[in-house]
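# Report on the structure
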Amino acid sequence: MKKASAVETLLQKAPQFAPAWKAKAEMVDDDTRQLALLEKGLAADPDAETYGYLRINQALALSRRGERAKAIAILGTLALDPASPIDVEAMAKQTLATNF
């Protein structure tokens, strides 16, 4: 609960801080709510690494909702984009290999 409170405080003070939206989305079990929070993070002009993890989490939530084609497209783009940070590229490839 302490982390949730800290994330809420951070978002109130800095709503354009994309990593805080990522953290908040990771605390939510409902895929529809999680997707909405991830969209807020993506709209907050995230750095390349945060962007990648927001998109990976988005792909996972879409997959759980049965939108596998969208999820695979997101992960494939991250895995093949030379601008993706190495950890994002690796995570996208691993997610594709283990979930699809």
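This section reports on the structure supplied with the text. Note that this is a predicted model, so its numbers are computed, not measured.

## Re the environment of F100
Inspection of the secondary structure assignment puts F100 in the segment after α6 (86–99). Residue F100 is classed as partly exposed on the basis of its relative accessible area of 28%. Along the backbone, F100 and E49 are 51 residues apart, and their C-alpha atoms lie at a distance of 23 Å. Residues within four places of F100 in sequence aside, it is in contact with S63, R68, A71, I72, L75 and T95.

## Focus: the pattern of salt bridges
Pairing between side chains of opposite charge can happen when their charged atoms approach one another. A full pass over the atoms with the stated rule returns six salt bridges. Its salt-bridge partner being E8, residue K24 comes within 2.3 Å of it at the nearest N-O pair. In this pair, K24 is assigned in helix α2 (residues 18–26) and E8 in helix α1 (residues 2–13), connecting sequence segments 16 residues apart. The exposure class of E8 is partly exposed, given its relative accessible area of 32%. A salt bridge links D31 to R64; the nearest nitrogen and oxygen atoms lie 2.7 Å apart. Taken together, the residues D31 in helix α3 (residues 31–43) and R64 in helix α4 (residues 48–64) connect sequence positions 33 residues apart. Accessibility expressed as a relative area gives 14% for D31, which makes it buried. Here R64 falls in the exposed class, since its relative accessible area comes to 51%. A single network of salt bridges, built from pairs that share partners, joins R65, E67 and K70.

## Concerning the packing of α1 against α2
Between α1 and α2, the shortest axis-to-axis distance is 9 Å and the interhelical angle comes to 145°. Here α1 and α2 pass one another in a crossing that is left-handed. The residues of α2 that touch α1, namely those facing V7, E8, L10 and L11, are A20, W21, A23 and K24. Grouping the amino acids of the contact of α1 with α2 by side-chain chemistry returns six nonpolar, no polar and two charged.

## Some words on the nonpolar core
As a rule of thumb, nonpolar side chains are buried together in soluble globular proteins. Counting 13 residues, the largest nonpolar core has I56 and L78 as the members making the most contacts within it. Where this core is concerned, the elements lending two or more residues are α4, α5 (68–80) and α6. Counting residues in each nonpolar core, the second largest holds 12 residues, with A20, A25, L38 and L42 among its members.

Rules and cut-offs
Residues numbered from 1 in each chain as written. Predicted model: local features only at pLDDT ≥ 70, side-chain atom pairs only at ≥ 80, totals over all residues. Heavy atoms only, no water. Helix = DSSP H or I, 4+ residues; strand = E, 2+ residues; numbered from the N terminus. Buried < 20%, exposed > 50% of the residue type's maximum accessible area, 1.4 Å probe, protein only. Contact = heavy atoms within 4.5 Å. Salt bridge = Lys/Arg side-chain N within 4 Å of Asp/Glu carboxyl O. Axes fitted to C-alpha atoms, helices over the stretch in contact; angles between N-to-C directions. Left-handed = near helix turned anticlockwise from the far one by under 90°. Nonpolar A, V, L, I, M, F, W, Y, C, P; charged D, E, K, R; others polar. Core = buried A, V, L, I, M, F, W, Y, C linked by side-chain atoms within 4.5 Å.

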